[in-house]
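Results of the structural survey
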Amino acid sequence: MATVTITKENFADTVKEGTVLLDFWASWCRPCRQFGPIYEKSSEQHTDLTFGKVDTEDQQELTATFGISAIPTLMVFRDGIRVFEQAGALPSAQLENLIEQVEALDMDAVRAKVAEMEAVSGSAEA
């Protein structure tokens, strides 16, 4: 599967199920252009995952929503939960290692931790 273009219109539907990697990039960004082929090759090797690209110039509202201040930024969602975010281009081996770690996550434990954090932040607001 090749990469898909992510916009504010298709973002929510794209990240709600499975593992989704998002590359926030811009055409003028040299590190983005260097990371692009690595990301594309990984998308071809992992056809069971979704690889999306967010053009920060075209999708400024989505970029602002996530507070992206450096590109490239790689963000990973699993079943709608953001489980990773890091600015900077990753070498191929590190990207593959990250994918392995994300796929190995115990999502029941992750959901429990998210619920716990929401309960704590909810009680702090009360």
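Above this text you will find the structure in question.
Rules used in this analysis
- Residues numbered from 1 in each chain as written.
- Predicted model: local features only at pLDDT ≥ 70, side-chain atom pairs only at ≥ 80, totals over all residues.
- Heavy atoms only, no water.
- Disulfide = S-S within 2.5 Å.
- Buried < 20%, exposed > 50% of the residue type's maximum accessible area, 1.4 Å probe, protein only.
- Phe/Tyr/Trp six-rings, centres within 6.5 Å; stacked < 30°, edge-to-face > 60°.
- Pairing = 2+ DSSP bridges.
- Helix = DSSP H or I, 4+ residues; strand = E, 2+ residues; numbered from the N terminus.
- Contact = heavy atoms within 4.5 Å.
- Axes fitted to C-alpha atoms, helices over the stretch in contact; angles between N-to-C directions.

1. Considerations on the state of the cysteines
For the coordinates displayed, the defined rule picks out 1 disulfide. At a sulfur-sulfur separation of 2.4 Å, the disulfide partner of Cys29 is Cys32. The sign of the 80° torsion about the S-S bond sets the Cys29-Cys32 disulfide as right-handed. In terms of burial, Cys29 and Cys32 fall into one category: buried.

2. What to know about the packing of aromatic side chains
Aromatic rings in a pair are described by how distant their centres are and how their planes are angled relative to each other. Within this structure, the stated rule accounts for 6 aromatic pairs. Three or more aromatic residues joined by ring pairs make a cluster, and in this case those are Phe11, Phe24, Phe66 and Phe77.

3. Topic: the sheet that holds strand β1 (residues 4–5)
Paired through backbone hydrogen bonds, the strands of a sheet run either parallel or antiparallel to each other. Pairing in this open sheet of 5 strands is mixed, and the strands run β1-β3-β2-β4-β5 from one edge to the other. On the outer flanks of this sheet lie β1 and β5 (81–87), each paired with one strand and no other. Two elements, strand β2 (residues 19–25) and strand β4 (residues 73–78), share 6 bridges in a ladder whose sense is antiparallel. The residue bridging Thr19 from the neighbouring strand is Arg78, located in β4. Against the sheet, helix α2 (residues 30–45) makes contact with β2, β3 (50–55) and β4, and its axis sits at roughly 155° relative to β3, the strand it touches most. The sheet contacts of helix α4 (residues 92–103) involve β2, β3, β4 and β5, and relative to β4 the element is tilted by about 25°.

These figures come from the coordinates and say nothing about function on their own.
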